[in-house]
Every structure is written in C-alpha cells, then in structure tokens.
Amino acid sequence: MSNIDDKMIINWIKNQEFSKLTFLDNCWQSHENEWYLGFYYFIQYIKQECFDDVIAEVTSRHGDESSTYCYLGDTAHKIYSSFNEQHIPACFYRHAIKLNPNNAHAHWGLFITDDNTNSCITSLKLDYENNEFELLGRKIDDLRFRLSGFTIQDWQFIKSLTQDRKVTCRRDMLVFVLFYLDEVKDCLALIESMETVSV
C-alpha cells in the first residue's frame, strides 16, 4: 500500500471516507510508513472506536507517554494543518509537556501550532543544554518566519545563540535579531558586510 500518498490519506480522514481507509486495518502496526500508526489513531478517534492498542503501539515505538503525545501532535499537525485547526495538534503538544516539561520537541510543536513564544525559548534552551546544536540551528533559521511576540530578553537569548560558534544558522537571522533589539548600527554594518540578505 506504499503507493498511496499521505495527502490522499489525510484527505480521506478529513472527509471521513472510511471505506477508502480500510487498508490501514491491516498495516497500521507496520513500519511501512511512519504516519500510518498516527493516521489510524485519528480514524479510530473520529469513529469513536477503542484506540488503546494504538496508544500502546505508539508508546512502544516512542518510548514514553510524552513522546507518544508528541508523535500524535505531529500527526495531527499533518492532518489538521489549516490555521483554524491548529488547536488540535496544540492540545497534544500541551499534554506531552504536562507529562514531561523537558520535552523540547513538544515545546517546539506548541510554538509552531500556538505561537507560544515561551515554549519556543524553552525548546531552544533544552536543545542547547542537550548539545543538539544542528537541530538548534535549524530551529533558529525557522524563526525568521515567526518573528512576533518575543520579548527583549527572548531576543537577547536568541542573539547569544546566533553568535555561539557551536550553533550554525543563517547569518541573516542575526540581522532580524539586531533589528528587533534596536541595534541599528550593528544591524546596518552586518547587512553591508553580506552579499545578500533575505527578508
């Protein structure tokens, strides 16, 4: 069944076309597609059928309950991706954080789905503490699409990360940081030293 596109499956789930999703009854426990398990959870949920076995399988794959809810949040984010649906994955990320306040992935998911800047900063701090510098660099790069809501202290922390040699991120992210910190002279000097700047 690997020839069925995830987007098609998501469309069937959202339209509750369950007859087209019966193939998942036989393969939701397989590792053929990392999302089949999550898709099957949401099908069972929508149909108001028991999903205890699905939760048990997710937990066995992801190791703990917080990671289970994080995975379900990721799956929900794939299915319910429109602006008006972001509360659905956000509630899974919130539950994951409640179970483990040090789950950096759940904090990042809550930031992405709910614009929770406190969770963003927490996720960045946890990644730094756990020496996840490559992931941290990618997250910082992604911030350029979500720049509102941060405090001056948040921007100062982000600045320290962009200037840390262990963290590799786009130089133009520092332009945004300096701009939001109102460090105009340094911001303009940095822009002049760069060949191109993406804004």
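Let me begin by describing the structure that accompanies this report.

Rules of the game
Residues numbered from 1 in each chain as written. Predicted model: local features only at pLDDT ≥ 70, side-chain atom pairs only at ≥ 80, totals over all residues. Heavy atoms only, no water. Buried < 20%, exposed > 50% of the residue type's maximum accessible area, 1.4 Å probe, protein only. Helix = DSSP H or I, 4+ residues; strand = E, 2+ residues; numbered from the N terminus. Arc of directions from axis to C-beta. Contact = heavy atoms within 4.5 Å. Axes fitted to C-alpha atoms, helices over the stretch in contact; angles between N-to-C directions. Parallel < 35°, antiparallel > 145°, perpendicular 65-115°, else oblique. Nonpolar A, V, L, I, M, F, W, Y, C, P; charged D, E, K, R; others polar. Core = buried A, V, L, I, M, F, W, Y, C linked by side-chain atoms within 4.5 Å. Salt bridge = Lys/Arg side-chain N within 4 Å of Asp/Glu carboxyl O.

## Observations concerning helix α4 (residues 52–62)
In step 1: For α4, the complete set of buried residues consists of Val54, Ile55, Glu57 and Val58. Looking straight down α4, one finds its buried side chains confined to an arc of 160°; they lie on one side. Turned more than 90 degrees from where α4 packs its buried face, Asp52, Asp53 and Ser60 sit exposed.
In step 2: Those residues of α4 that are buried are in contact with α3 (36–46) and α5 (65–79).

## Section: the packing of α3 against α5
In step 1: At a minimum axis distance of 9 Å, the contact between α3 and α5 shows a crossing angle of 75°. Relative to α5, α3 is oriented roughly perpendicular. Across the interface between the two elements, Tyr36, Leu37, Gly38, Phe39, Tyr41 and Phe42 of α3 pack against Tyr71, Leu72, Thr75, Ala76, Lys78 and Ile79 of α5.
In step 2: When the residues that make up the contact of α3 with α5 are grouped by side-chain class, the tally is 9 nonpolar, 2 polar and 1 charged.

## Here's the deal with unusual backbone geometry
Trans peptide bonds make up most of the peptide bonds, and negative phi angles are found at most residues other than glycine.
In step 1: With phi around 55°, Gln16 is a residue other than glycine that occupies positive phi space.
In step 2: Following the sequence through the fold, Gln16 ends up in the loop between α1 (6–14) and α2 (24–27).
In step 3: Unusually for a residue other than glycine, Asn131 sits at a positive phi of about 60°.
In step 4: Of note, Asn131 is situated in the loop between α8 (117–129) and α9 (133–142).
In step 5: Given a relative accessible area of 54%, Asn131 falls into the exposed group.

## Description of the nonpolar core
In step 1: Ile9, Phe23, Leu24 and Phe39 are the most contacted members of the largest nonpolar core, which has 35 residues in total.
In step 2: The element best represented in this core is α3, accounting for 7 residues.
In step 3: Judged by nonpolar contacts, the second largest core, of 27 residues, contains Phe133, Ile140, Leu161 and Met173.

## Overview of the pattern of salt bridges
In step 1: The full count for this structure, using the stated rule, is 10 salt bridges.
In step 2: For Arg146, the salt bridge is made with Asp115, and the minimal N-O distance between the two is 3.4 Å. Highlighted residues: Arg146 in the loop between α9 and α10 (152–162) and Asp115 in the loop between α7 (104–114) and α8, separated in sequence by 31 residues.
In step 3: For Glu183, the salt bridge identified is with Lys159, shortest N-O distance 2.8 Å. Highlighted residues: Glu183 in the loop between α11 (171–180) and α12 (184–193) and Lys159 in helix α10, separated in sequence by 24 residues.

So, to be careful, I would describe these as geometric facts and stop short of saying anything about function.
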